[in-house]
Amino acid sequence: MGEMSWSGRQYATVPAATRAMRDPGATGRFGTYGGRYVPESLIPACHEIEAAFREAWSDPEFRSRLDTLLTVYAGRPTPLTPAWRLSHELGITLFLKREDLAHTGSHKINNVIGQALLAHRMGKERLLAETGAGQHGVATATAAALLGLKATVFMGERDIERQELNVLRMNVLGAEVVPVTTGSRTLKDACNEAMRHWVSSVDDSYYCIGSVMGPHPYPWMVREFQRVIGEEARAQCAAELPVGVPDYVVACVGGGSNAAGTFAGFVDTTARLIGVEAEGGAAATFGRAGVLHGFRSLVLQDEDGQVTEAHSVAAGLDYPGIGPEHAHLRDGGRARYETVNDGEVLQALLCLARTEGILAALESSHAVAWVIRAARSGEIAPGSTVMLTLSGRGDKDIASIKELL
Amino acid sequence: MTESLEEFLIARRGTGRPLLVPYVTAGVTPGWTDVVHAYADAGADAVELGFPFSDPMLDGVTIQEASDRAIAAGTTVRKILEEVATLDVDVPLIAMTYSNLVVQQSTAEFCAALTASGLRGLIVPDSPLEEVGELADAAAAEGLDLVLLAAPSSSRARLREITERSRGFVYALTHMGTTGERGEIPEQAARLGRELKGLTDRPVLFGFGVSHPAQAAELAGHADGVVVASALMRKLLDGARPRELGEYVASIRRALDQGAR
Ligand SMILES: Cc1ncc(COP(=O)(O)O)c(C=O)c1O
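Being a predicted model, the structure only gives us computed values, none of them experimental. (Residues numbered from 1 in each chain as written. Chains lettered and ligands numbered in written order. Predicted model: local features only at pLDDT ≥ 70, side-chain atom pairs only at ≥ 80, totals over all residues. Heavy atoms only, no water.)

1. Structural notes on the pattern of salt bridges
Residue and element names in this part refer to chain A.
- Under the definition given, this model contains 44 salt bridges over all chains.
- R196 is the salt-bridge partner of E193, the closest N and O atoms lying 2.7 Å from each other. Of this pair, E193 and R196 both sit in helix α8 (residues 187-201), 3 residues apart, roughly one helical turn.
- The salt bridge partner of D397 is K396, with a shortest N-O separation of 2.9 Å. The burial state of D397 is the same as that of K396; both residues are buried.
- Connected through salt bridges with shared partners, the residues R223, E224, R227, E231 and E325 form a single ionic network. (Salt bridge = Lys/Arg side-chain N within 4 Å of Asp/Glu carboxyl O. Helix = DSSP H or I, 4+ residues; strand = E, 2+ residues; numbered from the N terminus. Buried < 20%, exposed > 50% of the residue type's maximum accessible area, 1.4 Å probe, protein only.)

If you want it as structure tokens, here you go:
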């Protein structure tokens, strides 16, 4: 491989041998994690999607269609914004990768446009999706409208209550939102229900998974579709920073898609990679190896193997697992995973809003909260440069924020 | 009883009898072991015991509800195995659960614990050919028959591999979907049954959506028998006693035996 182009910019890619976040091959394994733990009924669909993705991903025409849509429709590249006042306050140099400025208000659109194009190419008529915060649901509804597909979105009843704005957006966009009333009535249960529905409609429906999770090829494919965040940020850092590479690269982690896409651009550099989870949903910190939703990874579970419910102010981080590649990066020490609590997150959200005039999503505010804490404690040395992926905007969270204040 | 699940089922089939395997979620009620006895007395050829998991991806609302109830009542693998060890039934018992419970310690320890309590088969629906290697080895080492699923969507090459690697019987899914009662049996079930029967001498049992006696008899005509789960669990959740569940199993038994004549 020589040159690669995203949105028209040219820069050299790194040699394959130094790339840690690679193609996991036919078995979809990241070390011991990943795999394809789904019923036999779904295996043919997984094979079909993997083959279609491999073919599309090496097809210049597919890539250029995706590039074009990301540029003229989704608004890429997103800017890298210096957080001037907050940097000054913290004694560091902080840059924000502005996924909140992408169409529909979060990074989820990058993945969804990719998968929707793939589904369309495969001749599928309907997109199925699970959603927590509703951002992935809105992105799916949006891409479906764009490509003339139908969309059915599964959403926990509890999330429907706390993310009302996004439910309305999905309705306006013509998607069907199916309330999930089982279990904790959040993201985990929405995933179960989406999988069950997928089994019975696999002929004409495509399951558009919203994060780096699920059976192979999803964790890999979603990371590749989100890679654009990291590659853009890498090029932008190279242009902005005297040394070209930040000291820290930070992103919040629910399933881990914005973090995986971000890390993919920096994994072969000296940057320290930090994923920030909600304290109440911190599978990388408190989880044990297990199998959930079709893949082996770190999972929050009790001593008998029953999966426990995650609890976070951020619906998008209320997930008891973590993408398999993150578990692998953690074990290998290439990335580190930290936790912040709800109180810190709210403070961080307010702090960023008032110092920079940016209202971030509660999910993204987790990354901000860790940077604030680590800079104040000196864990991030004064003068360090930090590149933080701001995964989404906070409009959807206004009602929750009002309640918390 | 020293024979394997598969040997037992083949011997039963040899008498000209369609095979009947009813299901109960372990721990769903305090008296769930009475249900197992009632099934055995009503003419079951084996009994499938669901080990409840919090996130049963391949189960419809009925078995989800039964699983939630069992977990809420404090059911654990260890407690189930203790109760299973006290059971006195003359047909083989088969555990059905999801991968996460199987991998808690090692797959070898899990399989060893099952056989130590007298179980003779294991079904793990989210462990397809791709992931089953280690578990299949562990089960074989313990003399536990690991039953694999075959689906209407499986290619012929996959069906061949499934019939070769499955032990005990081959679990043929009647339809693309989750467990749960259904009105009709789709045409694809008959096709899958014929195809599997052409590939293997191992018993082939249909499962998923087998709800009433006539349906069971019809399906058994395309294979060697049926697994009945949600229909029984629906009755149990609605308050049916073990005796009534036994009577329902007996009615299916009669329909199967009449159909076979
Ligand atoms: C704005 C935002 N950030 C982050 C996430 C978490 O997802 P992931 O970890 O896959 O990036 C979500 C999920 O809903 C989200 O809406």
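After presenting the structure, the write-up continues.
2. Observations concerning unusual backbone geometry
All names here are of chain A.
- P77 follows R76 through a cis peptide bond whose omega is -5 degrees.
- In this model, R185 sits at a positive phi of 55 degrees, which is unusual for a non-glycine residue.
- Structurally, R185 can be placed in the loop between β9 (176-180) and α8.
- Assessed through its relative accessible area of 27%, R185 is described here as partly exposed.
- Residues other than glycine seldom take positive phi values, yet H293 does so here, at roughly 50 degrees.
- Note that H293 resides in the loop between β13 (288-292) and β14 (295-299).
- Of the residues examined, H293 reaches a relative accessible area of 3% and is grouped as buried.

3. Points about the UniProt feature "modified residue: N6-(pyridoxal phosphate)lysine" (unreviewed entry) in chain A
Residue and element names in this part refer to chain A.
- Within this structure's numbering, the places UniProt gives as "modified residue: N6-(pyridoxal phosphate)lysine" (unreviewed entry) are K108.
- For K108, the location among the structural elements is in helix α4 (residues 108-121).
- With sequence-adjacent residues up to four places away left out, K108 is seen in contact with Q135, H136, A139, G210, S211, Q226 and S257. (UniProt positions renumbered as here; feature names shortened; annotations may be inferred. Contact = heavy atoms within 4.5 Å.)

4. A few points about the side chain of N166(A)
- Within the secondary structure, N166(A) is located in helix α7 (residues 164-172).
- Apart from residues no more than four positions distant in its own chain, N166(A) is found in contact with A133(A), G134(A), Q135(A), V138(A) and K396(A).

5. Side note on the interface of chain B and chain A
- Contacts between the two partners involve 32 residues from chain B, matched on the other side by 33 residues from chain A.
- In this assembly, chain B packs against chain A so that about 2700 Å² is buried in total across both faces, 52% of it on carbon and sulfur atoms.
- The tally of links from chain B across to chain A stands at 3 salt bridges.
- Two residues, R29(A) and E131(B), come together in a salt bridge whose shortest N-O distance is 2.4 Å.
- At the junction of chain B and chain A, the tally comes to 19 residue pairs in polar contact (both at pLDDT 80 or more).
- Elements that contribute at least two residues to the side of chain B that touches chain A include exactly α3 (61-72), α5 (99-102), β5 (145-150) and α8 (156-165) of chain B.
- Among the elements that take part in the side of chain B that touches chain A, α5(B) stands out by supplying 3 residues, more than any other.
- In terms of residue class, the side of chain B that touches chain A is made up of 16 nonpolar, 10 polar and 6 charged. (Buried area = accessible area lost by both parts, 1.4 Å probe. Polar contact = N/O pair within 3.5 Å; in protein donor to acceptor, adjacent residues only side chain to side chain. Nonpolar A, V, L, I, M, F, W, Y, C, P; charged D, E, K, R; others polar.)

6. Looking at the packing of aromatic side chains
- Under the defined criterion, the tally for this structure stands at 12 aromatic pairs over all chains.
- Both rings, one in W57(A) and one in F225(A), keep their centres 5.2 Å apart while their planes meet at 85 degrees; by these two values the pair is edge-to-face. Here the residue W57(A) occupies a position in helix α1 (residues 43-57), and F225(A) occupies one in helix α9 (residues 218-240), the gap between them amounting to 168 residues.
- Of the residues examined, F225(A) reaches a relative accessible area of 2% and is grouped as buried.
- One cation-aromatic arrangement involves K235(B) over Y248(B); the distance from NZ or CZ to the ring centre is 4.2 Å. (Phe/Tyr/Trp six-rings, centres within 6.5 Å; stacked < 30°, edge-to-face > 60°. Lys NZ or Arg CZ within 6 Å of the ring centre and 35° of its normal.)

7. Observations concerning the packing of helix α6 (residues 107-116) of chain B against helix α7 (residues 133-142) of chain B
All names here are of chain B.
- Where α6 contacts α7, the two axes come as close as 9 Å, and the packing angle between them is 35 degrees. With respect to the hand of their crossing, α6 and α7 are arranged in right-handed fashion. On the side of α6, the interface is formed by T107, A108, C111, A112 and T115, while α7 contributes E134, L135, A138, A139 and E142.
- A per-class count over the contact of α6 with α7 returns 6 nonpolar, 2 polar and 2 charged. (Axes fitted to C-alpha atoms, helices over the stretch in contact; angles between N-to-C directions. Left-handed = near helix turned anticlockwise from the far one by under 90°.)

8. Describing the pairing of strand β3 (residues 93-96) of chain B
All names here are of chain B.
- Across the two faces of β3 the burial is the same, with L93 and A95 and I94 and M96 all buried.
- Pairing of strand β2 (residues 47-50) with β3, which is carried by 4 bridges, proceeds in the parallel orientation. Opposite L49, over in β3, you have A95 as the bridge partner.
- Judged from the 3 bridges that link them, β3 and strand β4 (residues 121-123) form a sheet pairing that is parallel. Residue pairing across strands places A95 opposite L122, the latter belonging to β4. (Pairing = 2+ DSSP bridges.)

9. Concerning the sheet that holds β9(A)
Residue and element names in this part refer to chain A.
- Read across the open sheet, the 4 strands follow the order β9-β8-β7-β10; overall the sheet is parallel. Only two strands of the sheet have a single neighbouring strand rather than two, namely β9 and β10 (205-207). Between one strand axis and the next, the sheet turns through 25 degrees on average, direction left out of account.
- In this sheet, strand β8 (residues 150-156) lies alongside strand β7 (residues 126-131) in parallel orientation, the contact comprising 6 bridges. Looking at β8, one finds that L127 is bridged to A151.
- Along the sheet, helix α5 (residues 135-147) contacts β7 and β8; its crossing angle with β7, the most-contacted strand, is approximately 165 degrees.

10. Description of the domain arrangement of chain A
Residue and element names in this part refer to chain A.
- What the domain assignment lists for chain A is domain 1 (29-71 + 108-207) and domain 2 (75-106 + 226-404).
- On the domain 2 side, the residues contacting the 37 residues of domain 1 number 39 residues.
- Across the interface of domain 1 and domain 2, roughly 3100 Å² is buried in total on both sides, 55% from carbon and sulfur atoms.
- Between the two partners, domain 1 and domain 2, sit 1 salt bridge.
- A salt bridge links D318 to R162, with the shortest nitrogen-to-oxygen separation between them at 2.5 Å.
- The interface formed by domain 1 and domain 2 holds 18 residue pairs in polar contact (both at pLDDT 80 or more) in total. (Domains from an automatic or database assignment.)

11. Some words on the site of the ligand
Residues and elements named next belong to chain A.
- As a matter of local geometry, the ligand sits amid 18 residues, with S211, G254, G256, S257 and S391 nearest to it.
- Interatomic distance of 3.0 Å between a side-chain N/O atom of H107 and an oxygen atom of the ligand.
- Computed on the free molecule, the ligand has an accessible area of 390 Å², of which 98% lies beneath the protein chains in the complex.
- For the shell around the ligand, a count of residues per class yields 5 nonpolar, 11 polar and 2 charged. (Near = heavy atom within 4 Å. Areas by Shrake-Rupley, 256 points an atom, 1.4 Å probe, with all protein chains shown as cover.)

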